[in-house]
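# Observations on the three-dimensional arrangement
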There are 2 protein chains.
Amino acid sequence: MPQRPTAAFLVIGNEILSGKVADTNTGLLARLLRKKGIALQRVVTIPDEPEVIAAEAAQLSASHDFVFTSGGVGATHDDVTMEGIARAFGTGVMHHPRFLRSLEERGLAASHRDLARVPEGAELREGRKETWPVVVMRNVWILPGLPPVFERKLEILAECLPEGPRYFADEELVPRPEEELIPLLDRVVGAYPAVQIGSYPVPAGTRITLDGDDGEAVAKASAALRKSLAES
Amino acid sequence: MPQRPTAAFLVIGNEILSGKVADTNTGLLARLLRKKGIALQRVVTIPDEPEVIAAEAAQLSASHDFVFTSGGVGATHDDVTMEGIARAFGTGVMHHPRFLRSLEERGLAASHRDLARVPEGAELREGRKETWPVVVMRNVWILPGLPPVFERKLEILAECLPEGPRYFADEELVPRPEEELIPLLDRVVGAYPAVQIGSYPVPAGTRITLDGDDGEAVAKASAALRKSLAES
């Protein structure tokens, strides 16, 4: 089976750490990556501080195939993501010529120029529909934090990212408390080591999830789980 | 001014990384810590894997006054948080005698015994109203992931955590696009270095937030911002 690409998500946001705004971008990105067969392994939320962004981006970039960031990419004083990512790669920030030209063509004021700041060496990735590009520095994809804009950029990711092996999943909502199911779950878990089985107490009982890279194993584990539930 | 205590939040959850469930605990904890005057500096979401939990908990514990974790504390096979935290401190997992006794007094089945598993050396913190304790290992407070249960445990944190210096905050919703405000914002930011000024594009225009440890400085910066907005 081909290797599954790995990813990390870096959320840059004082407003999230202070509880003023709830992060909703993680769910959007997680579902897209899941569909693409890319493993989201870590999400880190940090403040809008260039040196913290730099340290975290450098570490995540070295340990994952893809890093995505959210937040801090406007043209105001608190938008320090480009500077942070540039520092992560030991470089500076420049105005991207093509990006700048496209801003000028839209007749934007001089104060908007800084929207075209990118880490030196960054590339622009464009989508078929979405008109503003995503800035990509090495394996770090730099996205805006505002959820509707973040979501539009995901179209570009959907078009540009490679496809990993498909994920297989099933789930079962069992109207019984989780603790009652422990011996039964332990048997299924033991019999299907290639399947990741999750168990979550929910108001209606227990939600059991089955996930894996091997569709046949997931189907067999699901069947065994349902059989055990019917018999118990 | 007394030092502000620092905190990190470790979210343990395959279900969040796969996009199956949206994390809502971060917002709940962030708002509580804010009220207590404790600085939430980092939120990390990782999979339900003991060695990943151990490495992350060890690092966060060493670099923050408080660490809070969410998820993986039931009695099923996928509840590996206690094992992970134990490993972070080079110790094992044991059944906590008092916790176990209280489970037995409630007449819970043998399969529930593992709800009383804690890292060796952990303490139980109890609240005035909430009947189930929070397990605390050194500076790591181990909370359940299920949001309504997580929220109940926050009562115990509200009672037990120390109070840091108060945060001062103000905000202004400006019905103008963010880019127009750049020169004005830059002046206020330059004049009040002790105030953290955030600027967020929102559908209605721009949300400007002012935060700081010094109430007088925040009030002055707010007044200066409003004056500049009125004059511009």
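We now turn to the structure provided with this report. (Residues numbered from 1 in each chain as written. Chains lettered and ligands numbered in written order. Predicted model: local features only at pLDDT ≥ 70, side-chain atom pairs only at ≥ 80, totals over all residues. Heavy atoms only, no water.)

Moving on, we come to the relation of the copies chain B and chain A. Take chain B, turn it by 180 degrees, move it 0.0 Å along the axis, and it overlays chain A with an RMSD of 0.0 Å. With respect to symmetry, the two chain copies, as superposed, fit the operation of a two-fold axis. Closest approach to the rotation axis among the C-alpha atoms of chain B is made by Val44 of chain B, whose C-alpha sits 2.2 Å away. (Least-squares fit on C-alpha atoms with pLDDT ≥ 70 in both.)

In this section: the packing of helix α7 (residues 182-191) of chain A against helix α8 (residues 215-231) of chain A. Residue and element names in this part refer to chain A. It is at 10 Å that the axes of α7 and α8 come closest, and there the two elements cross at 155 degrees. Taken together, the axis directions place α7 and α8 in an arrangement best described as roughly antiparallel. For the crossing formed where α7 meets α8, the hand is right-handed. When α7 is examined against α8, the residues Leu184, Leu185 and Val188 are found in contact with a partner set consisting of Ala221, Leu225, Ser228 and Leu229. A breakdown of the residues in the contact of α7 with α8 according to their chemical character gives six nonpolar, one polar and no charged. (Axes fitted to C-alpha atoms, helices over the stretch in contact; angles between N-to-C directions. Helix = DSSP H or I, 4+ residues; strand = E, 2+ residues; numbered from the N terminus. Parallel < 35°, antiparallel > 145°, perpendicular 65-115°, else oblique. Left-handed = near helix turned anticlockwise from the far one by under 90°. Contact = heavy atoms within 4.5 Å. Nonpolar A, V, L, I, M, F, W, Y, C, P; charged D, E, K, R; others polar.)

As a further point, take the pattern of salt bridges. Residue and element names in this part refer to chain B. As enumerated under the stated definition, the model contains 26 salt bridges over all chains in all. A salt bridge links Arg98 to Glu126, with the shortest nitrogen-to-oxygen separation between them at 2.7 Å. Of this pair, Arg98 sits in helix α5 (residues 97-105) while Glu126 sits in the loop between β6 (123-125) and β7 (134-137); the two residues are 28 residues apart in sequence, bridging distant segments of the chain. Across the pair Glu231 and Lys227 runs a salt bridge whose closest N-O atoms are separated by 3.3 Å. Residue Glu231 and its partner Lys227 are both found in helix α8 (residues 215-231); the two are separated by four residues, about one turn of the helix. Each of the two residues, Glu231 as well as Lys227, counts as exposed. (Salt bridge = Lys/Arg side-chain N within 4 Å of Asp/Glu carboxyl O. Buried < 20%, exposed > 50% of the residue type's maximum accessible area, 1.4 Å probe, protein only.)

Our focus in this paragraph is unusual backbone geometry. Of note in the backbone geometry, Arg138 of chain A takes a positive phi value of approximately 50 degrees without being a glycine. Summarising the element assignment, Arg138 of chain A is placed in the loop between β7 (134-137) and β8 (140-143).

With that settled, the discussion passes to the environment of Arg138 of chain A. A relative accessible area of 58% means that Arg138 of chain A is categorised as exposed. Sequence-wise, Arg138 of chain A and Asn14 of chain A are 124 residues apart; in three dimensions their C-alpha atoms are separated by 25 Å.

What follows is about the packing of aromatic side chains. Residues and elements named next belong to chain A. Under the definition given, this model contains eight aromatic pairs over all chains. Between the aromatic rings of Phe68 and Trp141, the centroid separation amounts to 6.3 Å while the plane-to-plane angle is 50 degrees, which identifies the pairing as tilted. One end of the pair, Phe68, is in strand β3 (residues 66-70); the other, Trp141, is in strand β8, and 73 residues separate them in sequence. One cation-aromatic arrangement involves Arg4 over Tyr167; the distance from NZ or CZ to the ring centre is 3.6 Å. Over the aromatic face of Tyr167 sits the side chain of Arg34, whose NZ or CZ is 4.1 Å from the ring centroid. (Phe/Tyr/Trp six-rings, centres within 6.5 Å; stacked < 30°, edge-to-face > 60°. Lys NZ or Arg CZ within 6 Å of the ring centre and 35° of its normal.)

Here we take up the interface of chain B and chain A. Every contact between the two is made by 45 residues of chain B and, on the other side, 45 residues of chain A. Interface area for chain B against chain A, summed over the two sides, is near 3900 Å², with a carbon-plus-sulfur share of 53%. Across the contact surface, chain B and chain A share four salt bridges. A salt bridge links Glu56 of chain A to Arg42 of chain B, with the nearest nitrogen and oxygen atoms 2.6 Å apart. Linking chain B with chain A are 14 residue pairs in polar contact (both at pLDDT 80 or more), by the criterion used here. Here the side of chain B that touches chain A is built from residues that sort into 19 nonpolar, 13 polar and 13 charged. (Buried area = accessible area lost by both parts, 1.4 Å probe. Polar contact = N/O pair within 3.5 Å; in protein donor to acceptor, adjacent residues only side chain to side chain.)

Spatial relationships are all this shows, so hold off on functional conclusions.
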